[in-house]
Structures are given as C-alpha cells and as structure tokens.
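# Summary of the model geometry
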Amino acid sequence: MASWGRVIRANHFVARPRFGDELDGFLNGLSADRPGLAVGLRRSYGDTNLNPDGRIIDMTSLDRVIAFDRETGVMRAEAGLSLSQALQILVPAGWFLPTTPGTRFVTLGGAVANDVHGKNHHAAGTFGASVRRLKLLRTDGGAQEIGPGNALFHATVGGLGLTGVIAWVEFQAVRVPSSSLDAEDTAFARVEDYFDIAAERKHSFEHTMAWVDCSVGGAKLGRGILSAANWYAYGDVAPHRELPSKTVPLDAPGFTLNTMTVRAFNSVRHELKSMRSGPYRSHYEPFLYPLDGIANWNRLYGPKGFYQYQCVLPPATARDGVAELLKAIATSGQGSPLAVLKDFGPREAVGMLSFPMEGTTLALDFRNRGESTLRLMADLDRIVAAASGRLYPAKDGRIPPEMFQAGFPKWQDFRAYVDPGLSSAFWRRVSG
Amino acid sequence: MDGSLGAIAMQPDLKNTIKPSNRVVILGALSAMATAAARIYAAEGAALVLVARNEARLAALAADLRARGAVEVETAALDLEAEAPQARLHLADWAKRLGSVDHIHLVYGYLGDQAKASIDPTELTRITVSNFASAVHWCEAAANILRAQRHGALVAVSSVAGDRGRQSNYAYGAAKGGIALFVQGIAHSLAGTGARAVAVKPGFVDTPMTDGLKKGGPMWASADQLGRALRRAADAGGPIQYAPGKWRMVMAIIRSVPAFVFHKTKL
C-alpha cells in the first residue's frame, strides 16, 4: 500500500468495513500498542495516511448518504463518500460543495481530516468551515456527535484522522446558478506581477489560482497564468461524468518526465494559454478538476514516485519568499510540470492543525530522484521557515519535527485530543 | 427475522405524482454489486424493493438511494434461503406495493469453502442451497410474473466458476452453473413474450465475498463495473452474459482445455 506520491510503500493490515455497525468491532482491536488509522481515497501524497506494518481501516465502502435536504442544502453522509459522488447528488439539485480541492476523489472524512481548501479559499474558507456536525468514534470511549465550538471538533478538523474515526459528516452545501463557470486567464511575465493581479482579482472572482512555470530562470522566472472564475448565472445544472476518460495503466519509465520534457510541456502550456484571449465558459469539471480526467496520473512519475511540496507564506514575506523559492527550484533544474500559486484569505482557521492561513501558497511536484530531491526540499524548507511559513501535512512525507512544530504552534494543544489507539507514520515522525 | 416490509419513507404525495423509471426488486440488495446496481436505478428515478437479512443495513441503503434520486424505496428484511418456498407470495406482495414490477435482480449467494464442504455436509448444503436450490424458486416466481405481464426482465448472478468443474470450488461452481442453465431455460420459455431472463457471469470481482483472495491486475473488476453490467443486462443482451465481456473468451479457452492437461493444474 502506498500514498498518492508513491515514494513510501509499506505493508498494512487493511480492514474494509462495508457497514457502519462493523466499525466498533475494528476499533475495539486498536490500542496504543497496536494503533490503527482510518483512511479514505489515499490522495494525500506523503505519510499522513500510512501506518506501516499496522492496521488501516479503509473507509471508502462506507459511502452512504444518510440525509440530503434539497431545500436547505444540508447533506449528512458516511465519511467514505467521495466528493465526486456527493457532486452527483448535489449538482442536479442546484447545490455545490462549499469548497473543493483540485481532485474530487477525496472522501468527506479526508476533506475534514485535512481541512482541505480550494480555488475559492479567499471567499469560502476551508471545507471545515461548512461542517455543521460530525460523528467521531474513539478507541478509548464510545461515539460523540460534535460541532463547532467543541474543542474536540476543532482538533478533528484538520486533525489528520488522529482524534478518532470520523463516522459521518454533515455539511452545508452552497447554491449554484449553473454547473458552469465564466472564467478568464491572464498571463503574467514575472512572479511580482502575480501578486498584483491576484490582489485585484480576488475582489471580483470567487475562484482564482495561478499556474507558474518553474523550469525557466533569469528574466522569465515566475512567468505564468492566473485563472479566475465565477459561476455562470443562467446555465443548466449537469454533473460531471463519473468515469475518467483516460487512464495511466502502468508506471511510466523513469525518463518520461526528465528536464527536457518538463520544460517543453510547460512552454507549450504557456504558449497555448497566452493565446487564449478574453473570457471563456467552462463546465466545473475541467476548471476545478483538471487532472481527474486521467486516472492514476501519479504513475506518470515512474516507479520511484514523487514528492509534492506545498507551503504557505504570510503576506508580509510572501512576495520575496515565493520569488526566492522559484529561484531555488529553477537553479536546481528539478522543476515540476505543475506548480500552483494561490492567495488564501484572512479567515481564521477552523482546525488546530489547519494548513491554510492568510498569505500565498505554492505547490509543486518533484519526481523522486533520491538524495538530490531531498536536498532541494531541505533548501526550500529553510526559505519557508525564514519567511514564517509552513508546510501542508497532506502533501508531506519527510519534514523534520522542528519544521512541523514551528509551523503549527497549536500542535501541543492538539496533542491532548489524539486518540491513543490511532497513529500514522507522519504523526510518529513529527510529534517525537 | 420477520418478513414484514419496512416503512415507505418517501413523502406519499411525491410517491403518487412521480412515475418511476422502473420498478425494481433486488434480492440480496446489501451485496456490493447489488448496491452499485441499485444506485444506478436510483439516479434514473426508479422505485425499488430491497431484500436482504439485516433490517438496519437495509434502512441505511434505502436512505442513500432516496438521496440519490429513487422515487420510492421499500425494504423487506428476510432470509432469502429460508423464504424461497414462499417466493411467489413475496414477489406478488412486492409487485403490488410498487404497483407492478419491471426488473427482478437475484444477487445473493454464498461462496463458501470447498475444502470444508468436502467434509462438512452443512457447508455443502449451504453452498448448494444458497446459490441454486433456493434461487430457482425466486427465479421461477419471477418468470411467472414476467410471462403473465409480457414485459420486464429477470437478471440472476451466476459465475464463471460455473463453466468448468475445478478442484478448488466445484460445489459453488456447480450451483452457479446450474442457476445459469435454469435461467437460460427461462429465457427460452419467455422467447416471443417481450419479457427476458439473463444469467450474468462475473469473473473476479473485488467485493467482500472475495476478500480472502489476492487481488489486483487486469482480470479483476470492481463492484461498480458489475453494477453497471447488471443494470445493462436488464435492458439488453443475450441470456448468458459474461461480465466483463472478455470472460466469454477466457472461459471458452478454459472449457476447451483437455482433461489430461487441466488435471496437471491446481486451478
């Protein structure tokens, strides 16, 4: 079993309950000596969803909707329901997820446990902000229904599945006038320009994100495209097609994404996107989930897998810090074909370990080339730490405990709410 | 286990105003592939009766299907093996509650353990009763309804294991092969009436029933794939359908291997 980045592979004892009444039995078998971990669709890249040689509860078959009120948009569903399936139900009724990460293959439980964010963070906050209630099963004492205001709830949102097993989640969906977005792309030649354009666009657009080419340095450092969109007011409401149209059936050979191909790929994308002038209309699927059309795209990085690096820097240090990060990446020649920039809004985080904070987030992929990749990321860590930033646990598989603890000052408060019968490779690594 | 029907949870006014796309009875509704098929029906706006043993689990599935668009969902908690002699009464009752019935899916079954069945008559009985001896009553009762109304479909889950007796699971294979022959005969008897019968033969399916086996690779299908195959079989195709379709060729080859070669394998 491996996480999405496929760098770490380990054996697990996997239980796959299909009915909620089976969960108690699995939880009874867990203890501090033999901790377990509930996981969803395993889109976290690093080791937050791994428990090597230990027990795993695969929650994905617990995917039933318990109730959905078409009038109020409140949905309660078992934690294993995917956002993709939720959308199949929400969209035809004129509702949408309050926010969504860049893949719809995430469970509700995972969305809560990682307090995921999306392109509308500046407008909507994180997924946790929409959660009204959830049911948490503890290995050390029964079931609890908890909601905002309860400390255990705020530990559970963003709590990486460590505070208990989330049985169900109740969230408030948002009304949408259609299933399409009116979008426009703006090219920027330098990363400084990104900040100006993003600061202006966030007032008039619900969804914004930028794509940055990290493979070129010098004068072209940080060129990119900022996409911004609002819901189209008059269209019909049609959900996405559930099945991916393409798949990557096998691991790509290691040379597929070498420096040349990455650079060529980025340049072509840059040219194509710059040529698109003016606004365009897009169904939500390609705009919000550009990679979901290709199943198992993570295999493109070859059998050794890849790392993702996602940090957030506060507003005061973001401009200089992001430029410095991009420069270090360009110099390394290990540029990723997908780098994303996005400004987070000032909303206070719901969870004690929620990743988003006001500022700018940068996310990149690095093919795993062993030591040199780890060294590059350690260099990036120093830049992030100096800028008072932090890293996203869902993307991480290697940061040292100091880096985590400095980035998440509430981690000591959080610790008190950890279920002793639950643990992960990530938690053992960073809480030591 | 009582044989009573669960409550109708859809608002009565809605039930009477929206015409369901299909009226469907699912026997063994809690299996992974039955649930997958039921969700397709729900999204189409069907009315369903879900039959299985566990009442609380049926209620949870019914709520899910309502949220996914089913216009009406009823549940019947009963033991399909024990109640098989009463199949005709039960089916008539459910058809009445739905107004009529278009599709009947028989999905329940029991894989069992061949080694145990070889020495334990109880296990051997359970395998053959679950997969064949009880199933024929439900199939015959369904066929009688379909024949009389001259439309609709019976879809019964068989298995590729029913295509050749093998040392590792011949009790299960014989029962599943038997039900395919039975349904094939029903299909013949329904020819020209407008009604249909189909035996679906899945290959390896990633469900809890097969959790003891090593999984993965191109020959394994998901429960969702099988759900789509069951739903499709109710509308179209011949009386014996392999799912996925490539199993037809695979099993043709396996059936044609001479015994002196086959007996050298441990399949």
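Residues numbered from 1 in each chain as written. Chains lettered and ligands numbered in written order. Predicted model: local features only at pLDDT ≥ 70, side-chain atom pairs only at ≥ 80, totals over all residues. Heavy atoms only, no water.

### Notes on the pairing of strand 1 (residues 23-27) of chain B
Residue and element names in this part refer to chain B. A large share of strand 1 lies buried, amounting to 5 of its 5 residues. The side-chain alternation of strand 1 yields two buried faces, one formed by Arg23, Val25 and Leu27 and the other by Val24 and Ile26. Relative to strand 2 (residues 47-52), strand 1 is paired through 5 bridges, and the arrangement is parallel. What sits directly across from Ile26, in strand 2, is Leu50. Taking the sense of rotation as the criterion, the β-α-β connection linking strand 1, helix 2 (residues 32-44) and strand 2 turns out right-handed. In this sheet, strand 4 (residues 103-106) lies alongside strand 1 in parallel orientation, the contact comprising 4 bridges. The partner of Val24 across the bridge, within strand 4, is His103. (Buried < 20%, exposed > 50% of the residue type's maximum accessible area, 1.4 Å probe, protein only. Helix = DSSP H or I, 4+ residues; strand = E, 2+ residues; numbered from the N terminus. Pairing = 2+ DSSP bridges. Right-handed = clockwise from strand over helix to strand, strands pointing away.)

### Topic: the sheet that holds strand 7 (residues 131-137) of chain A
Residues and elements named next belong to chain A. Taken in spatial order, the 5 strands line up as 4-5-9-7-8 in an open sheet, and their pairing is antiparallel. Both edges of this open sheet fall to strand 4 (65-69) and strand 8 (143-146), since each of them pairs with a single strand only. Put simply, the sheet's adjacent strands are angled 10° from each other on average, direction ignored. (Axes fitted to C-alpha atoms, helices over the stretch in contact; angles between N-to-C directions.)

### Quick word on the interface of chain A and chain B
Facing the 15 residues of chain A at the interface are 21 residues of chain B. Roughly 1300 Å² is buried in total at the junction of chain A and chain B, and carbon and sulfur atoms are behind 44% of that figure. Summed over the shared surface of chain A and chain B, the number is 3 salt bridges. Here Asp63(A) ties to Arg39(B) by a salt bridge, and the two come within 2.9 Å at their closest N and O atoms. Joining chain A to chain B, the criterion identifies 8 residue pairs in polar contact (both at pLDDT 80 or more). Among the elements of the structure, strand 4 and helix 2 (83-90) of chain A are those that each provide at least two residues to the side of chain A that touches chain B. At 3 residues, the largest contribution of residues to the side of chain A that touches chain B is made by strand 4 of chain A. (Contact = heavy atoms within 4.5 Å. Buried area = accessible area lost by both parts, 1.4 Å probe. Salt bridge = Lys/Arg side-chain N within 4 Å of Asp/Glu carboxyl O. Polar contact = N/O pair within 3.5 Å; in protein donor to acceptor, adjacent residues only side chain to side chain.)

### Section: the environment of Arg42(A)
Residue and element names in this part refer to chain A. With respect to the secondary-structure elements, Arg42 resides in the loop between strand 2 (36-39) and strand 3 (55-58). Along the chain, Arg42 and Phe105 lie 63 residues apart, while their C-alpha atoms are 8.8 Å from each other. The contacts of Arg42, once residues within four sequence positions are left out, are Met1, Ala2, Ser3, Trp4 and Asn49.

### Observations concerning the pattern of salt bridges
Close approach of charged atoms allows side chains with opposite charge to pair. All names here are of chain A. This structure, assessed with the given rule, holds 31 salt bridges over all chains. Here Asp213 ties to Arg223 by a salt bridge, and the two come within 2.6 Å at their closest N and O atoms. Of this pair, Asp213 sits in the loop between strand 12 (207-212) and strand 13 (224-231) while Arg223 sits in the loop between strand 12 and strand 13; the two residues are 10 residues apart in sequence, bridging distant segments of the chain. Considered together, Asp213 and Arg223 belong to a single accessibility category, that of buried residues. For Arg382, the salt bridge identified is with Asp379, shortest N-O distance 2.5 Å. Of this pair, Arg382 and Asp379 both sit in helix 10 (residues 371-386), 3 residues apart, which is roughly one turn of the helix. What makes Arg382 exposed here is its relative accessible area of 55%. For Asp379, a relative accessible area of 35% translates into the label partly exposed.

### As for unusual backbone geometry
Residue Pro244(B) is bonded to the preceding Ala243(B) through a cis peptide linkage, with omega at -10°. We note that Asp53(A) has phi near 60°; this positive angle belongs to a residue other than glycine. Among the structural elements, Asp53(A) can be located in the loop between strand 2 and strand 3.

### Section: the packing of aromatic side chains
All names here are of chain A. What the rule picks out here adds up to 20 aromatic pairs over all chains. Geometrically, the ring pair formed by Phe404 and Trp427 is edge-to-face, given 6.5 Å between the ring centres and 90° between the ring planes. Linking Phe404 in helix 11 (residues 401-407) with Trp427 in helix 13 (residues 425-430), this pair joins segments that are 23 residues apart in sequence. With respect to class, Phe404 is no different from Trp427; both count as buried. (Phe/Tyr/Trp six-rings, centres within 6.5 Å; stacked < 30°, edge-to-face > 60°.)

The values are spatial; any link to function lies outside them.
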